[in-house]
Amino acid sequence: MKIERRPTTALLPNPVVLVSAAGGAGDGNFLTIAWVGTVCSSPPMVSVAIRPSRYSYDLVSAAREFVVNIPNAEQLEGVDVAGVWSGREHDKFAELGFTALSATKVGAPLIAECPVNLECVVRHQLALGAHDLFIAEIVATHYDEEVLDSRGRLKPNALHPFTLVGGEYWSLGERIGLYGAAAKARAKE
Ligand SMILES: Cc1cc2nc3c(=O)[nH]c(=O)nc-3n(C[C@H](O)[C@H](O)[C@H](O)COP(=O)(O)O)c2cc1C
């Protein structure tokens, strides 16, 4: 039996990421974002939803650039605090022990401790209500050497991304299948 509840954003899992932007007192600022999505493959594009009250909203709106940094579960504590503290009162890089690296295509810093970093240029901004959606083109992607195999492919088990579900952080489980394998098996029947 299905139980209907009030409309809510029950889509999961969404990775929790750190979105960094240029500006502020120190090396730049970043905030924790759960509302992030892949929205186009060519050009490669992502979306992030940011409330206008966030300091990061001002920085991203002004620069039209940001970096999506994918943290590991080991960085959970810093990610959680970055989602409560504001760059208006804190230098999050210095106080949370994260390292800013220069990006190659945008002015926003990469967060060195995050194994994957997507440099983004904003192409569209939509005011949706509580959040504005920034739809951005990925203009450069960086990986830690350790998360790539000898052929330069991402090793999923070298990353430990996590998601937010009902106020709890959860990691992902084991590999459960291969892309296209089920369709291939059916084609053989
Ligand atoms: C797990 C988690 C997910 C969050 N997701 C979002 C989000 O998708 N959009 C948003 O505007 N704020 C989100 N927040 C809240 C901001 O990260 C938080 O308000 C932060 O302090 C803003 O920092 P800033 O003022 O330096 O930009 C999230 C917080 C946490 C802890």
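Computed from a prediction, not measured in an experiment: that's the story for all the values here.

A.B. asks: Account for the overall build of the protein, naming residues and giving values.
C.D. replies: Looking only at helices and strands, one finds 4 helices and 11 strands in the protein. Against the compact-globule benchmark of 16 Å for 189 residues, the protein has a radius of gyration of 18 Å, which places it among compact chains. Taking the principal axes of its C-alpha atoms as reference, the protein extends roughly 60 × 50 × 30 Å. The buried share of the protein, taken over its 189 residues, is 29%. Contacts spanning at least 24 positions in sequence make up 61% of the contacts within the protein whose residues lie at least 6 apart.

A.B. asks: An account of the site of the ligand is requested, with residue identities and associated values reported.
C.D. replies: Taken together, 22 residues form the shell around the ligand, and within it Tyr55, Ser56, Gly83, Ser86 and Gly87 come nearest. Elements supplying a minimum of two residues to the shell around the ligand: strand S2 (29-33), strand S4 (44-50) and helix H1 (55-63). Counting residues per element, the shell around the ligand draws most heavily on S2, at 4 residues. Across the shell around the ligand, the residue classes tally to 11 nonpolar, 7 polar and 4 charged.

A.B. asks: How would you explain the environment of Glu146 if you had to name every residue and give the values?
C.D. replies: By the secondary structure assignment, Glu146 is in the loop between strand S9 (132-143) and strand S10 (162-165). As a C-alpha pair, Glu146 and Ser56 span 90 residues in sequence and 30 Å in three-dimensional space.

A.B. asks: Describe the nonpolar core, with residues and values.
C.D. replies: One finds Leu18, Val19, Phe66, Val67 and Val68 to be the most contacted residues of the largest nonpolar core, which totals 38 residues. Among residues more than four places away in sequence, those in contact with Leu18 are Phe30, Thr32, Asn69, Pro71, Val79, Ala82, Ile111 and Cys114.

A.B. asks: How would you explain the pairing of S10 if you had to name every residue and give the values?
C.D. replies: On S10, burial follows the alternation: Phe162 and Leu164 on one face are buried, whereas Thr163 and Val165 on the facing-out side are not. Sheet topology note: the S10/strand S11 (residues 168-171) ladder contains 4 bridges and is antiparallel. By the bridge assignment, Phe162 is partnered in S11 with Ser171. Between S10 and S11, which pair antiparallel in sequence order, lie 2 residues; one of them, Gly166, sits at a positive phi of approximately 55 degrees.

A.B. asks: Tell me about the sheet that holds S9, and name the residues and values.
C.D. replies: Read from one edge of the open sheet, 7 strands run S2-S1-S5-S8-S9-S4-S3, paired in antiparallel fashion. Edge positions in the sheet fall to S2 and strand S3 (36-41), since each of these pairs with one other strand and no more. Pairs of neighbouring strands in the sheet enclose a mean axial angle of 35 degrees, with direction left out of account. In terms of strand pairing, S4 meets S9 through 6 bridges, oriented antiparallel. Counterpart to Ala49 in the pairing with S9 is Leu133. This element, H1, spans strand S1 (17-21), S2, S4, strand S5 (65-70), strand S8 (116-127) and S9 of the sheet and lies at about 55 degrees to S1.

Conventions and cut-offs
Residues numbered from 1 in each chain as written. Predicted model: local features only at pLDDT ≥ 70, side-chain atom pairs only at ≥ 80, totals over all residues. Helix = DSSP H or I, 4+ residues; strand = E, 2+ residues; numbered from the N terminus. Rg over C-alpha atoms; globule rule 2.2 N^0.38 Å. Buried ≥ 20, exposed ≤ 12 C-beta atoms within 10 Å, placed from the backbone. Contact = placed C-beta atoms within 7 Å. Near = placed C-beta within 6 Å. Nonpolar A, V, L, I, M, F, W, Y, C, P; charged D, E, K, R; others polar. Core = buried A, V, L, I, M, F, W, Y, C linked by C-beta atoms within 7 Å. Pairing = 2+ DSSP bridges. Axes fitted to C-alpha atoms, helices over the stretch in contact; angles between N-to-C directions.

Geometry only, nothing functional implied.
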